[in-house]
Every structure is written in C-alpha cells, then in structure tokens.
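Notes for the structure review
As a plain string of letters, each chain reads:
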Amino acid sequence: MAVKNNTPKKGIWHMIKLILLWGLALLLAASGLAALLRGSFTFGTLAVWLFAFALAGYAIFNKPIDAFCLNGFGRVLKYTVWAGLTLFAALFVFVAVSGYTNTATGTESVIIVLGAGIKNETISDVLRHRLDAATKAWKSNPSALLVVAGGKGRQENISEALAMQRYLVLQGIPPSQIIMEDQSTSTEENLLFTKQILAQKGYAEDTEVALVTNAFHCYRAGKYAQKAGFTNVHTIPAGINFLSVLPSYIREEFAIVAYWLFRQ
C-alpha cells in the first residue's frame, strides 16, 4: 500500500504559521514605535517590544525550538507558556469588555475626568479622548458639575487639571462648571482627593457620579472610586488611538493583576 505524502501540506501550514508570526511581530513593533514617537514610553510599550522580539525570535528559530519542546523540560515549558498566553488572552478580553459593563445613565450630578500625562502644557492623545467624551457627556447633561483631576508630574509645566480645564473651556464649557483637583499623582489619589472636595461642597456619598476615562481603565477606576467612598458610580468609556491599544491594554492587564493581588 502506498504511503500518503503529507510533506506539501505540512509545508503550507508551516508557511502560514510564519506569516502569522511575522505579521503579529510587525504589528507589535509598529505599535511600540508609534508610542515612542509620541514620547510615551511606559511599561506597556516595553512589554509590546518584548512580545515583538519574542515572536520574531520564534519565527527565526522555530524548528530547533519546536524540537526542544517535544520532550522532557521543553514539553513542560511549552505547556507553561501556552497556559500563560491563554491567561493573557483572557485578561485582554476582560480589559476590553469591562469598560462597557457599568456605563453612565446621563443623569449624574457629577462628572469626574481622570487625568493622564501631558507634555509640558499639551494634553496627550489618551487624555484628549477622555476630555472629548466628557464634553459630549456634559453637553447632554449641562447641570452636572465637572471635576478635572490630576496633579503636576515631573515633566509637566502645569497640573493636568489645569490643562484639562483649559481644553474644556475651549470646547464651550463655562469655567464656573469646572472644579480642579490638582494635587493627585495617581488614579487612586484622583478619586480620594476629589471625594474630599465634593464632601466639602455638600455632595453626599451616594451622589450619582460618572467617571470619564479610557475604556481599558474603567474597571480599575471604578474599584478605586468605591474604595474612596463613592457608592453610586458609573463610567463613561472614552476611545483610544488604534496604535495605543496594545501598549495600553497590556499595561492595564498587569495593573489589574497587581490590584487583585495587593490592593483590594
């Protein structure tokens, strides 16, 4: 009986695997490069570059790596890596979906815009998306009080709150409707200090509040709001530039794991 030759089929699947590996590696490298060109080097950017190099390395040395993973320690290592990638993918989906599970009703009394990095006095692309979402929300609910939260970082000439206030005024929002919280240095402090300001102005803990941040950040921001004492919180998920998705989402995955392990 003639033995069927599967070599051509194996060759096709091998070629498809290489195309996918190089395609994903190039996408990650482009995303990391875009972040660097915008002057944004974060842990997420570093992780993107590491993933890109790992995929490119596997694409180049896939045959000896596959041979090593057939038996013994290599086989255990292979399954460990696959388990880690599965968990990574599940967390990525969680980050993508969680931002849309507790969206604002449009009747909130307070809209809080969480700060993000600025360059000198210029808002970042991430922050601009938050402010545009806040502007749209406020124009649909103009009786709401707007709070912009963010202090002055080491490479910032002014506080993030002041930069945000200036941007919102240019969008037609009256300065009298905007309160600045300009002392915080983290999301947790954004909400804690904002809660104190609102309490001084007579707002109760159960006041209906909407948090404006990028969709990937909504879950953790909501948790920090509850920790600060807010009891009636919704979120307004803002968009993000396509090339910022991978660095931002990967960074947020690690931040969420750190929150689950150490901050709850």
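Residues numbered from 1 in each chain as written. Predicted model: local features only at pLDDT ≥ 70, side-chain atom pairs only at ≥ 80, totals over all residues. Heavy atoms only, no water.

**Some details on unusual backbone geometry**
Peptide bonds are mostly trans, and most non-glycine residues show a negative phi. With a phi close to 60 degrees, Asn120 is a non-glycine residue in the positive phi region. For Asn120, a relative accessible area of 40% translates into the label partly exposed. (Buried < 20%, exposed > 50% of the residue type's maximum accessible area, 1.4 Å probe, protein only.)

**Details of the environment of Phe73**
Note on placement: Phe73 falls in helix H4 (residues 72-98). For the pair formed by Phe73 and Val212, sequence separation is 139 residues and the distance between their alpha carbons is 47 Å. (Helix = DSSP H or I, 4+ residues; strand = E, 2+ residues; numbered from the N terminus.)

**Points about the sheet that holds strand S1 (residues 110-114)**
Strand order across the open sheet formed by five strands is S5-S4-S1-S6-S7, with parallel pairing between neighbours. Each end of this open sheet is capped by a strand with a single partner; those strands are strand S5 (178-181) and strand S7 (233-238). Taking the axes of each pair of neighbouring strands and ignoring which way they run, one obtains an average angle of 25 degrees across the sheet. Relative to strand S6 (residues 209-214), S1 is paired through four bridges, and the arrangement is parallel. What sits directly across from Ile111, in S6, is Ala210. Packing against the sheet, helix H7 (residues 187-200) makes contact with S1, strand S4 (145-149), S5 and S6, and its axis sits at approximately 125 degrees to S5. (Pairing = 2+ DSSP bridges. Axes fitted to C-alpha atoms, helices over the stretch in contact; angles between N-to-C directions. Contact = heavy atoms within 4.5 Å.)

**So, the packing of helix H2 (residues 43-60) against helix H9 (residues 245-263)**
Put simply, H2 and H9 touch, their axes get as near as 7 Å, and they point 105 degrees apart. In terms of orientation, H2 and H9 fall into the roughly perpendicular class. Here H2 contributes Phe43, Gly44, Thr45, Ala47, Val48 and Phe51 to the contact with H9, which in turn contributes Leu246, Pro247, Ile250, Arg251 and Phe254. For the contact of H2 with H9, the class distribution of residues is eight nonpolar, two polar and one charged. (Parallel < 35°, antiparallel > 145°, perpendicular 65-115°, else oblique. Nonpolar A, V, L, I, M, F, W, Y, C, P; charged D, E, K, R; others polar.)

**A closer look at empty space enclosed by the protein**
Gaps left between atoms show up when a probe the size of a water molecule is rolled over them. As enumerated under the stated definition, the model contains one cavity of 30 Å³ or more in all. In this structure, the largest cavity encloses a volume near 30 Å³. Looking at the largest cavity, the residues that line it are Lys195, Leu198, Tyr203, Ala204, Thr207, Val209 and Phe230. For the lining of the largest cavity, the per-class residue count stands at five nonpolar, one polar and one charged. (1 Å grid on protein atoms, 1.4 Å probe; cavity = no way out; pocket = protein on both sides within 12 Å on 5 of 7 lines; lining within 4 Å. Points joined across faces, edges and corners; volume = space filled by probe spheres on them.)

**Section: the packing of aromatic side chains**
Each aromatic ring pair is summarised here by two numbers: the centre-to-centre distance and the angle between the ring planes. Counting across every chain of the model gives nine aromatic pairs. Measuring from centroid to centroid gives 5.2 Å for Phe51 and Phe88, while their planes differ by 50 degrees, and the two rings are tilted. Here the residue Phe51 occupies a position in helix H2, and Phe88 occupies one in helix H4, the gap between them amounting to 37 residues. Phe51 sits in the partly exposed class, given a relative accessible area of 28%. When its relative accessible area of 23% is taken as the criterion, Phe88 is described as partly exposed. (Phe/Tyr/Trp six-rings, centres within 6.5 Å; stacked < 30°, edge-to-face > 60°.)

**What about the pairing of S5?**
Pairing of S4 with S5, which is carried by four bridges, proceeds in the parallel orientation. Within S5, the position partnered with Val148 by the bridge is Met180. A crossover links S4 with its parallel partner S5, the connecting element being helix H6 (residues 160-170), and its sense is right-handed. (Right-handed = clockwise from strand over helix to strand, strands pointing away.)

**Details of the packing of helix H5 (residues 125-140) against H6**
The contact between H5 and H6 brings their axes to 10 Å, and the two run at 45 degrees. Relative to H6, the element H5 is oriented oblique. For the pair H5 and H6, the sense of crossing is right-handed. In contact with Leu127, Arg128, Leu131, Asp132 and Thr135 of H5, H6 contributes Met164, Tyr167 and Leu168. (Left-handed = near helix turned anticlockwise from the far one by under 90°.)

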